[in-house]
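Summary of the model geometry
What follows is each chain in one-letter form.
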Amino acid sequence: MRCVFVQFRCQPGKTYEVADAIYDREVVSELYSTSGEYDLIAKIYIPENEDVGHFLNERLFDIAGINRTMTTMTFRAF
């Protein structure tokens, strides 16, 4: 499994709805609200045989209320 972090910027007033929709998809390992440019950050484990872009697009990025995302690939845990 590959670990990626995805940050979500939501439409004003939609953060809780987006968070609920993300959890309903049962894709994320952890989901947090954050301060700063983005409203949420999710830790996601992607199967080795899956393309990261397709996996995220098909499972998360069509949720209403998301304005922008930023995906961070990871290489090694310490």
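Residues numbered from 1 in each chain as written. Predicted model: local features only at pLDDT ≥ 70, side-chain atom pairs only at ≥ 80, totals over all residues. Heavy atoms only, no water.

**A short note on the overall build of the chain**
When you go through the chain residue by residue, the secondary structure sums to two helices and four strands. Its helices and strands taken in sequence order, the chain reads β-α-β-β-α-β from the N to the C terminus. Dimensions along the principal axes, computed over C-alpha positions, put the chain at roughly 35 × 25 × 15 Å. Among the 78 residues that make up the chain, the fraction classed as buried is 32%. In the chain, 68% of the contacts between residues at least 6 apart in sequence involve partners at least 24 apart. Looking at the chain as shown, the accessible area adds up to about 5200 Å², and 49% of this sits on carbon and sulfur atoms. Averaging the locations of the 8 positively and 12 negatively charged side chains of the chain gives two centres separated by 6 Å. (Helix = DSSP H or I, 4+ residues; strand = E, 2+ residues; numbered from the N terminus. Buried < 20%, exposed > 50% of the residue type's maximum accessible area, 1.4 Å probe, protein only. Contact = heavy atoms within 4.5 Å. Areas by Shrake-Rupley, 256 points an atom, 1.4 Å probe, with all protein chains shown as cover. Lys, Arg positive; Asp, Glu negative; His and termini not counted. Charge placed at Lys NZ, Arg CZ, Asp CG, Glu CD.)

**Examining the pairing of strand E3 (residues 40-46)**
Burial along E3 is one-sided: the residues Leu40, Ala42, Ile44 and Ile46 are buried and none of Ile41, Lys43 and Tyr45 is. With seven bridges connecting them, strand E1 (residues 2-10) and E3 associate as antiparallel partners. The partner of Arg2 across the bridge, within E3, is Ile46. Sheet analysis places strand E2 (residues 30-33) next to E3, joined by four bridges and oriented antiparallel. Along E3, the bridge assignment pairs Leu31 with Ala42. The loop that links E2 with its antiparallel partner E3 comprises six residues; one of these, Gly36, has a positive phi angle of about 105°. (Pairing = 2+ DSSP bridges.)

**Observations regarding the sheet that holds E1**
Taken in spatial order, the four strands line up as E2-E3-E1-E4 in an open sheet, and their pairing is antiparallel. The sheet is open, and its two borders are formed by E2 and strand E4 (66-73), each paired with just one other strand. Each adjacent strand pair in this sheet contributes to an overall mean axis angle of 20°, direction not counted. Those strands touched by helix H2 (residues 52-59) are E1, E3 and E4, and its axis lies near 125° from that of E3. (Axes fitted to C-alpha atoms, helices over the stretch in contact; angles between N-to-C directions.)

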